[in-house]
Amino acid sequence: MNRAISGLRVARAVEVRGVVQGVGFRPFIWRLATELGLDGSVVNRAGQVEILVAGSEEAVEAFTLRVRTDAPPRARVEEVVVQPSDRAPAAGTGFTIQESEAGPSTERLFPPDIATCDDCLVEVFEPTDRRYRYPFTNCTNCGPRATIIDDLPYDRARTSMREFPLCAACEAEYRDPANRRFHAEPVACPACGPQLAYRRPGDAAPAAHREAALQAALTDLREGRIVALKGLGGYQLACDATNPSAVARLRDRKHRWAKPFAVMVADLEAARVQADLSPAEEELLTSPARPIVLVARHANAQPALADGVITAEPERAAALNRRIGLFLPCTPLHHLLLAGIGRPIVLTSGNLSDEPLATDDGEALERLSGIADSFLTHDRQIRARYDDSVTRVVDGRESLIRRARGYAPEPLSLPIATPHSILAVGAELKHTFTLASGTRAHVAPHIGDLEDLLTHRAFETNLAHLSRLLDIEPEYVAHDLHPAYLSTQWATRNFPESRRIGVQHHHAHVASAAAEAGLTGEFIGVAYDGLGMGDDGTFWGGEVLVATLASYRRVARFGRAPMAGGALAVKKPYRMALGYLLSAEALDEGGAAAEAADWFEPELARAFLDRLDPREVEVIRVQLARGLNAPLASSAGRLFDAAASLLGIRDVVEYEAQAAIELELLAQEGSVEPLAFRIVRRDGLLVYDPRPTLRAILQGRAEGTATELLAARFGETIAAVTRELAAEVRSDTGLGTICLSGGVFQNQSLATTLVRRLTRDGFEVHTNHQVPANDGGISYGQAAVAAARLSGAS
């Protein structure tokens with residue numbers, strides 16, 4: 001409705017900055033200006049929206065206010081600059097949307113992909129609608145964005161949709177300001193848009209197209225076959241989650257022997273059948289990002305999921321069945337598949353374990369033909385690789401585990417602006433990188449583990465693509481201190497020493513949580529993870545720091561133990577347990593080094609040692625005695641591994657942190673007492689001596705105490721140790737702000753317990769929410785540290 005507001009006529013030039021492309025912002029501006037009876041125009045120009053508006057002073061003032069308050073839900077308006085203009089359009093000429101213009105810009109922002117909106121979903125399932133059962137239905141409120149963009153500003157001609165000229169009906173919608181597809185760049189329909197195709201490995205050409213392709217894929221799923229599905233940001237592998245044989249075949253072919261699968265269900269009601277959902281978890285499941293959400297599973301849900309969804313070890317399925325990763329359909333294609341099969345499906349990344357997601361059709365056929373029985377693909381190209389995001393709720397707030405589709409590449413803020421552009425290359429595992437400029441940090445989506453050659457190539461491809469889109473040419477690189485990390489080596493090859501900023505691993509962890517919270521001053525940082533190179537040449541991982549974004553000093557740590565076989569001890573936790581039993585750091589009551597002596601009765605370890613090959617145990621004894629490939633580690637993650645092995649939970653792992661995850665899942669719920677522990681001072685540091693804790697585990701096992709109870713008491717011990725260390729550091733420094741980060745804080749019980757108890761103790765507690773606490777958040781922390789150092793902060 002046009003509603004001119006009378007008064008003195010004025011003209012204003014308005015610039016809107018933030019995430020304002022690809023979210024229906026220009027159509028929103030047109031509707032708002034038309035409603036207020038204003039004349040003028042709106043244009044996307046080099047990453048921002050520029051508006052010329054003229055009308056009564058009252059109407060123009062109302063317009064500039066509502067630009068901020070009434071913006072589309074996926075827009076992020078960060079700044080609105082209003083200035084007088086002498087280019088007032090003539091009264092009554094109306095308001096127009098102009099074609100986008102490229103050009104230099106201080107920043108170029110674009111949104112992530114957006115899950116199918118309710119309006120589009122109605123059309124997909126309405127038999128009389130022209131988009132009935134069309135898998136690529138979208139509008140200005142939903143659909144692909146980051147995965148199809150070639151360049152900015154965001155227009156159809158600069159996306160992979162340029163290969164699909166609009167039909168007359170879609171063109172009319174695209175040009176109609178009153179239509180919700182007004183300037184929806186990926187708009188399409190069955191007459192002019194992308195189409196499905198179905199083929200089997202070895203086929204020279206697709207065997208079916210369009211609806212027939214969808215039905216062929218559904219038949220395969222119903223009959224227990226595995227389908228490779230081309231999703232938004234890459235290929236996915238699907239099978240019937242209620243079919244044990246299908247799930248087992250997928251595990252075997254994908255070489256995913258132990259890690260749980262995520263399950264897609266049709267809607268929120270189906271999710272409630274499978275899991276006990278909190279309001280916060282339901283909100284995440286139905287959010288526009290549509291992430292995988294880790295939730296508490298119902299024990300006797302129907303339809304029953306195959307035990308293999310959780311683990312390939314049937315004898316462990318019941319014990320590990322407490323949690324499941326659920327998500328809802330994010331595209332019309334997924335909605336059609338779930339509606340057609342009528343039961344949950346396993347939907348996992350289209351790759352072999354540890355490889356990057358397949359995105360190219362030819363690459364997918366080559367890499368996935370040994371896994372998939374058939375392929376459901378389409379002819380819209382994927383421009384950027386985006387895996388599914390994984391998240392959860394900790395103490396009522398979201399805590400990301402993997403940041404990818406639906407979240408990336410939306411920028412995060414830097415508390416201290418960088419005067420020079422930065423590339424932060426992250427760590428080795430769960431790799432991400434970050435491009436930073438000014439106060440913006442653009443965290444790229446999760447790629448995988450860099451030690452895989454294909455993943456390393458994907459890193460370089462993604463970096464080139466995102467750098468071009470954002471128009472950021474990094475002047476400095478921030479990297480980990482570990483010289484063997486491939487990310488560090490890449491930084492060394494590509495940047496001169498004067499342009500490299502080394503950032504200690506655990507400083508980057510706690511800086512990521514501090515930067516999320518907007519901290520610029522000093523804080524206590526607790527970093528618990530697997531491993532990171534320390535300043536003293538040992539591996540760290542159980543650290544308490546007093547830090548700012550620019551600097552840190554270590555004030556407390558966990559006791560050290562050797563990693564028998566180096567990296568082999570990570571894959572074989574029993575080797576870490578032997579490292580503690582045979583050569584743990586010996587501390588006397590005053591914290592001084594003591595003679596290495598037996599600190600437990602040999603009979604207590606008899607059951608543990610009897611599980612092992614005595615010849616290997618003897619080799620490890622010699623290895624530790626001589627210090628051969630047995631680096632020292634003060635690591636919380638390795639201590640969790642050792643405890644899991646001593647408890648008989650897991651001696652050998654198939655994926656990172658498996659032992660620690662299963663220890664958490666098996667732990668008895670409810671209130672328990674901590675095991676014995678001791679904290680001493682040594683060389684100016686507080687040191688947690690874990691030997692009394694491990695001896696208590698051995699004694700409990702020997703006395704027949706339930707594994708579930710001992711596991712719970714171990715977790716309680718780590719919480720009690722952390723509280724005591726924090727209290728001591730506060731007493732020494734007067735600091736009351738604490739940041740918790742590192743992969744160990746993916747332990748939901750530990751993270752929740754510590755947030756609540758430290759808050760009760762009077763601390764201001766910060767954890768990661770927008771980036772993972774694991775190594776997926778390292779690059780953001782590195783960027784925050786480098787920005788602070790380049791700005792001259794102390």
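Structural notes, computed from the coordinates. (Residues numbered from 1 in each chain as written. Predicted model: local features only at pLDDT ≥ 70, side-chain atom pairs only at ≥ 80, totals over all residues. Heavy atoms only, no water.)

A few points about the pairing of strand E20 (residues 476–480)
- Within E20, 5 of the 5 residues are buried, which leaves the element mostly enclosed by the surrounding structure.
- Of the strand pairs in this sheet, strand E18 (residues 412–424) and E20 are connected by 3 bridges, and their pairing is parallel. Paired with Leu423 across the strands is Val477, a residue of E20. (Buried < 20%, exposed > 50% of the residue type's maximum accessible area, 1.4 Å probe, protein only. Helix = DSSP H or I, 4+ residues; strand = E, 2+ residues; numbered from the N terminus. Pairing = 2+ DSSP bridges.)

Description of the packing of helix H19 (residues 636–646) against helix H21 (residues 691–702)
- Orientation of H19 relative to H21, taken along the N-to-C sense of each, is 15°, at an axis distance of 10 Å. One finds that H19 runs roughly parallel with respect to H21. In terms of crossing hand, the pair formed by H19 and H21 is right-handed. Here Leu639, Ala643 and Leu646 of H19 come into contact with H21, specifically with Leu694, Ile697, Leu698 and Arg701. (Axes fitted to C-alpha atoms, helices over the stretch in contact; angles between N-to-C directions. Parallel < 35°, antiparallel > 145°, perpendicular 65-115°, else oblique. Left-handed = near helix turned anticlockwise from the far one by under 90°. Contact = heavy atoms within 4.5 Å.)

A short note on the environment of Ser794
- Summarising the element assignment, Ser794 is placed in the segment after helix H24 (778–790).
- As a C-alpha pair, Ser794 and Tyr552 span 242 residues in sequence and 9.8 Å in three-dimensional space.
- With near-sequence residues (within four places) excluded, Ser794 lies in contact with Thr548, Ala550 and Ser551.

Quick word on the sheet that holds E20
- Taking strand neighbours across the sheet as the criterion, the 4 strands line up as E19-E18-E20-E21 in an open arrangement whose pairing is mixed. Strands with a single pairing partner mark the edges of an open sheet, and in this sheet they are strand E19 (434–443) and strand E21 (500–503). Direction aside, neighbouring strands of the sheet carry axes that sit 60° apart on average.
- Pairing analysis gives 6 bridges linking E18 to E19, with the strands arranged antiparallel. Counted as the bridge partner of Ala424 is Thr434 from E19.
- Relative to the sheet, H24 contacts E18, E19, E20 and E21, its axis offset from that of E18 by approximately 85°.

Thoughts on the side chain of Glu543
- Here Glu543 lies in strand E23 (residues 539–547).
- Here Arg554 takes part through its side chain, which lies 2.6 Å from a polar atom of the side chain of Glu543.
- Among the polar contacts made by the side chain of Glu543, one reaches the side chain of Ser634 at a distance of 2.8 Å.
- With residues up to four places along the chain from it excluded, the contact list for Glu543 reads His506, Gly525, Val526, Ala527, Tyr528, Arg554, Ala556, Arg557 and Ser634. (Polar contact = N/O pair within 3.5 Å; in protein donor to acceptor, adjacent residues only side chain to side chain.)

What about helix H18 (residues 614–626)?
- Between its first and last C-alpha, H18 extends 19 Å over 13 residues, near the 18 Å set by a 1.5 Å rise per residue.
- Listed as buried for H18 are Val617, Ile620, Gln623 and Leu624. The buried residues of H18 occupy one face: seen down the axis, they fall within an arc of 120°. Across from the buried face of H18, at angles greater than 90 degrees, the exposed residues are Pro614, Arg615, Val619, Ala625 and Arg626. (Expected span 1.5 Å × (residues − 1). Arc of directions from axis to C-beta.)

Description of empty space enclosed by the protein
- Considering all chains together, one arrives at 6 cavities of 30 Å³ or more under this definition.
- Quantified by volume, the largest cavity comes out at close to 150 Å³.
- Along the wall of the largest cavity there are 19 residues; nearest its centre are Pro135, Leu232, Thr331, Pro332 and Arg380.
- Ranked by the residues each element gives to the lining of the largest cavity, the list is headed by helix H10 (residues 332–341), at 3 residues.
- Looking at side-chain class alone, the lining of the largest cavity contains 9 nonpolar, 8 polar and 2 charged residues.
- Of the voids in this model, the second largest cavity is the one considered here, and its volume is about 120 Å³.
- With 3 residues, the top contributor of residues to the lining of the second largest cavity is helix H1 (residues 25–35). (1 Å grid on protein atoms, 1.4 Å probe; cavity = no way out; pocket = protein on both sides within 12 Å on 5 of 7 lines; lining within 4 Å. Points joined across faces, edges and corners; volume = space filled by probe spheres on them. Nonpolar A, V, L, I, M, F, W, Y, C, P; charged D, E, K, R; others polar.)

Description of the pairing of strand E29 (residues 737–741)
- Burial runs high along E29: 5 of the 5 residues are buried.
- Burial along E29 is two-sided: Thr737, Cys739 and Ser741 facing one way and Ile738 and Leu740 facing the other are all buried.
- Both strand E22 (residues 523–533) and E29 contribute to a ladder of 4 bridges, which runs parallel. Looking at E29, one finds that Ala527 is bridged to Ser741.
- Where E29 lies against strand E30 (residues 764–767), 4 bridges are found, and the strand directions are parallel.

Overview of the environment of Gly537
- Its location among the elements puts Gly537 in the loop between E22 and E23.
- Along the primary structure Gly537 and Gly734 are separated by 197 residues, whereas in three dimensions their C-alpha atoms are 30 Å apart.

Quick word on the state of the cysteines
- Counted by the stated rule, this structure contains 0 disulfides.
- With no disulfide of its own, Cys170 has Cys189 as its nearest cysteine by sulfur position, at a separation of 3.6 Å.
- The exposure class of Cys170 is buried, given its relative accessible area of 0%. (Disulfide = S-S within 2.5 Å.)

Some details on the sheet that holds strand E1 (residues 9–19)
- Strand order in the open sheet formed by 5 strands is E4-E1-E3-E2-E5, and the pairing between neighbours is mixed. Among the strands making up the open sheet, the edge pair consists of strand E4 (76–84) and strand E5 (95–97). Across the sheet, the axes of successive neighbouring strands diverge by a mean angle of 20°, strand direction being ignored.
- Judged from the 8 bridges that link them, E1 and strand E3 (residues 48–56) form a sheet pairing that is antiparallel. Across the sheet, residue Arg9 finds its bridge partner in E3, namely Ser56.
- Against the sheet, H1 makes contact with E1, strand E2 (39–45), E3, E4 and E5, and its axis sits at roughly 175° relative to E5, the strand it touches most.
- Packed onto the sheet, helix H2 (residues 57–69) meets E1, E3 and E4 and runs at close to 155° relative to E3.

A short note on the pattern of salt bridges
- According to the stated counting rule, one finds 58 salt bridges in the structure shown.
- Between Arg272 and Glu269 there is a salt bridge, with the nearest N and O atoms lying 3.3 Å from each other. Of the two residues, Arg272 and Glu269 both sit in helix H7 (residues 268–274), 3 residues apart, roughly one turn of that helix.
- Classification of Arg272 as partly exposed rests on a relative accessible area of 35%.
- Measuring nitrogen to oxygen at the nearest pair gives 3.2 Å for the salt bridge that ties Arg367 to Glu355. (Salt bridge = Lys/Arg side-chain N within 4 Å of Asp/Glu carboxyl O.)

Interpretation note: all reported values are geometric properties and have no functional meaning in isolation.
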